[in-house]
Amino acid sequence: MRNSACDAMQRAVEKYRATAPFAAKSNMLPYRGGDKWLSAPFDGNSWWTGGFWPGLMWQLWEASKDDWFMGEAIRAEDLLTAEFRTFERLNHDVGFMYLLSCGARYKLTGDRQARVDALHAASLLMGRFNPAGFIRAWNEPDRTGYAIIDCLMNLSLLFWASDITGDPRFARVARIHLDTTLRHFLRPDGSVCHIVEFDPNTGARVRAHAGQGCGPGSAWSRGQAWGLYGFTLAHINTGDVKYLDAARRVADFFVAHIRSDGLTDCDFAQPATPERIDNIAGACAACGLIELHRLTDDAAYLAAAETLLDGLIEHCCDWSKDTCGLLTRCTASYRDDAAGVHTSIVYGDYFFVEALAKLNRTDPMLWRR
Ligand code: GLY
């Protein structure tokens, strides 16, 4: 796998060298690929995926040391920091957005304004904490009690902020949210719910919602990947073994559902037809599995990550320099087609390239200080 990962990264760098300038030329933030780059379908540059483009540019910069990618990451970061002014459109995904942009720039260049902007984002995330025990996901007035599994990835911004400032409040809030997630999202079979609704006054669990999966009680594969990688990052950030145990449980569940061709069903409980694939889930899970292998030395995790990545390289990479987007057959949600079905979506490319970078030992580990 090491050779094919090295070759795939080289080809990714070349593809992006040819196609990323189209985004720069129109000063936009790509969300979806195809004949040309398309912006996010909702909320403009406030849409939760905005950080993946600059994150991808930093990964490609680390892999190639081509400074064009650094300049492109900074161009995109400027679009994102302008979104602080929209405020009401931002939500708990400020972690994804600003850790992979400002946080990455500070980590890799020491830029002081990027540090300030990432701390600003961490403070916005702190402002979403409900002392009843969870971080509120979204802003709709009827969703005051909603928390979602995806938030585990955003918590890295809080751990980062505590490390940077020496102020334990950020990490304390992250741990409270993590412990709520352990209690109320992780199921006995190792799968995780997407959305849990809490009473915003008492913190009592009200119900689980299907969210982007096929139904209540199902196992939306990207949610499983968020849980797998998110609990792994929680262990990396805290050293607490209970999060490693949780990560292993979710990983074992995910690995048991990996298809023989290495592609990933959108929901592990979906009906056999129609076939609905979400390769973002596989790419993100591969990142978590490689980290789990590093932490535990359990070869099964690396083998599973390689099955996923081999499958993606063999069946689902568009290497053409005439089309935008690399990883194909990405699907935003099981039931709602508006954000993309079986197409290239920017965070699929991000996690695919991050996984390759881990195998090639160029990953700057943007989720950690
Ligand atoms: N964070 C939303 C998603 O994974 O689509």
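Look above for the structure.
Now for a quick tour of the structure. What you see is a predicted model; the values in this text were computed from it and never measured.

**So, empty space enclosed by the protein**
Working step 1: Under the defined criterion, the tally for this structure stands at 3 cavities of 30 Å³ or more.
Working step 2: Estimated volume of the largest cavity: approximately 80 Å³.
Working step 3: The wall of the largest cavity is formed by Leu 29, Pro 30, Tyr 31, Ser 39, Ala 40, Gly 44, Asn 45, Trp 47, Thr 49, Gly 50 and Trp 53.
Working step 4: Residue composition of the lining of the largest cavity, grouped by class: 6 nonpolar, 5 polar and no charged.

**Thoughts on the environment of Thr 202**
Working step 1: Along the chain, Thr 202 turns up in the loop between β4 (195–198) and β5 (205–209).
Working step 2: The spatial distance from the C-alpha of Thr 202 to the C-alpha of Gly 145 is 9.9 Å, given a sequence separation of 57 residues.
Working step 3: For Thr 202, the side chain forms a polar contact with the main-chain nitrogen of Ala 204, separated by 3.1 Å.

**Structural notes on the site of the ligand**
Working step 1: Around the ligand, a shell composed of Trp 48, Asp 150, Gln 212, Trp 220, Arg 222, Trp 226 and Tyr 347 is seen.
Working step 2: Contacts to the ligand include Asp 150, whose side-chain N or O atom sits 2.6 Å from a nitrogen atom.
Working step 3: When the ligand sits alone it has 200 Å² of accessible area, and the protein chains cover 93% of it.
Working step 4: Given that more than half its atoms are within 2 Å of the pocket grid, the ligand belongs to the largest pocket.
Working step 5: Looking at the shell around the ligand residue by residue, the class counts come to 4 nonpolar, 1 polar and 2 charged.

**Description of the packing of helix α3 (residues 67–82) against helix α4 (residues 94–109)**
A pair of packed helices can be characterised by two numbers: the angle between their axes and the separation between those axes.
Working step 1: The contact between α3 and α4 brings their axes to 10 Å, and the two run at 135°. By the angle between their axes, α3 is oblique relative to α4. Note that α3 runs across α4; the crossing there is left-handed. Contacts from Met 70, Ile 74, Glu 77, Leu 80 and Thr 81 of α3 reach α4 at Met 97, Tyr 98, Ser 101, Cys 102, Arg 105 and Thr 109.
Working step 2: Split into classes, the residues belonging to the contact of α3 with α4 amount to 6 nonpolar, 3 polar and 2 charged.

**Here we look at the packing of aromatic side chains**
Working step 1: Inspection of every chain in the model, using the stated rule, returns 26 aromatic pairs.
Working step 2: Taking the centre distance of 4.5 Å and the plane angle of 20° together, the rings of Phe 84 and Tyr 98 count as stacked. Placement of the pair is Phe 84 in the loop between α3 and α4 and Tyr 98 in helix α4, with a sequence separation of 14 residues.
Working step 3: Given a relative accessible area of 15%, Phe 84 falls into the buried group.
Working step 4: On the basis of relative accessible area, Tyr 98 is assigned to the buried category, the value being 0%.
Working step 5: Geometrically, the ring pair formed by Tyr 350 and Phe 351 is edge-to-face, given 5.2 Å between the ring centres and 80° between the ring planes.
Working step 6: Here the aromatic residues Trp 48, Phe 52, Phe 96, Trp 226, Tyr 229, Tyr 347, Tyr 350, Phe 351 and Trp 367 are joined through ring pairs into a cluster of three or more.
Working step 7: The ring of Phe 170 carries the charged tip of Arg 169 above its face, separated from the ring centre by 5.5 Å.
Working step 8: The residue whose ring lies beneath Arg 276 is Tyr 334, and the NZ or CZ to ring-centre distance is 5.6 Å.

**Concerning the pairing of β5**
Working step 1: Judged from the 4 bridges that link them, β4 and β5 form a sheet pairing that is antiparallel. Each bridged residue has a counterpart across the sheet, and for Val 196 the counterpart in β5 is Ala 208.
Working step 2: Hairpin geometry of β4 and β5 is characterised by an intervening segment of 6 residues between the two adjacent antiparallel strands and by a positive phi of about 85° at Gly 203.

**With respect to the sheet that holds β5**
In a beta sheet, neighbouring strands pair by backbone hydrogen bonds and run either parallel or antiparallel.
Working step 1: The sheet built from 3 strands is open, its strands ordered β3-β4-β5 with antiparallel pairing. The open sheet is flanked by β3 (146–148) and β5, the only strands paired with a single partner. Adjacent strand axes in the sheet meet at a mean angle of 25°, parallel and antiparallel pairs treated alike.
Working step 2: Across 3 bridges, β3 lies against β4 in antiparallel orientation. In the strand pairing of β4, Ala 147 is matched with Val 196.

**Things to note about the layout of surface pockets**
One simple way to see leftover space: roll a probe sized like a water molecule over the atoms.
Working step 1: The space that makes up the largest pocket amounts to roughly 720 Å³.
Working step 2: Every residue lining the largest pocket is counted, 32 residues in all, and those nearest its centre are Trp 47, Trp 48, Trp 138, Arg 143 and Gln 212.
Working step 3: Residue assignment for the lining of the largest pocket shows that the elements contributing at least two residues are β3 and α8 (221–238).
Working step 4: The space that makes up the second largest pocket amounts to roughly 290 Å³.

**Concerning the packing of α4 against helix α6 (residues 151–165)**
Working step 1: One way to put it is that α4 packs onto α6 with a least axis distance of 7 Å and a crossing angle of 40°. Relative to α6, α4 is oriented oblique. Here α4 runs over α6; the crossing is left-handed. Contacts between α4 and α6 involve Val 94, Gly 95, Phe 96, Leu 99 and Tyr 106 from the former and Met 153, Asn 154, Ser 156, Leu 157, Trp 160 and Ile 164 from the latter.
Working step 2: In the contact of α4 with α6, the residues fall into 8 nonpolar, 3 polar and no charged.

About the cut-offs
- Residues numbered from 1 in each chain as written.
- Predicted model: local features only at pLDDT ≥ 70, side-chain atom pairs only at ≥ 80, totals over all residues.
- Heavy atoms only, no water.
- 1 Å grid on protein atoms, 1.4 Å probe; cavity = no way out; pocket = protein on both sides within 12 Å on 5 of 7 lines; lining within 4 Å.
- Points joined across faces, edges and corners; volume = space filled by probe spheres on them.
- Nonpolar A, V, L, I, M, F, W, Y, C, P; charged D, E, K, R; others polar.
- Helix = DSSP H or I, 4+ residues; strand = E, 2+ residues; numbered from the N terminus.
- Polar contact = N/O pair within 3.5 Å; in protein donor to acceptor, adjacent residues only side chain to side chain.
- Near = heavy atom within 4 Å.
- Areas by Shrake-Rupley, 256 points an atom, 1.4 Å probe, with all protein chains shown as cover.
- Sits in = over half its atoms within 2 Å of the grid points.
- Axes fitted to C-alpha atoms, helices over the stretch in contact; angles between N-to-C directions.
- Parallel < 35°, antiparallel > 145°, perpendicular 65-115°, else oblique.
- Left-handed = near helix turned anticlockwise from the far one by under 90°.
- Contact = heavy atoms within 4.5 Å.
- Phe/Tyr/Trp six-rings, centres within 6.5 Å; stacked < 30°, edge-to-face > 60°.
- Buried < 20%, exposed > 50% of the residue type's maximum accessible area, 1.4 Å probe, protein only.
- Lys NZ or Arg CZ within 6 Å of the ring centre and 35° of its normal.
- Pairing = 2+ DSSP bridges.

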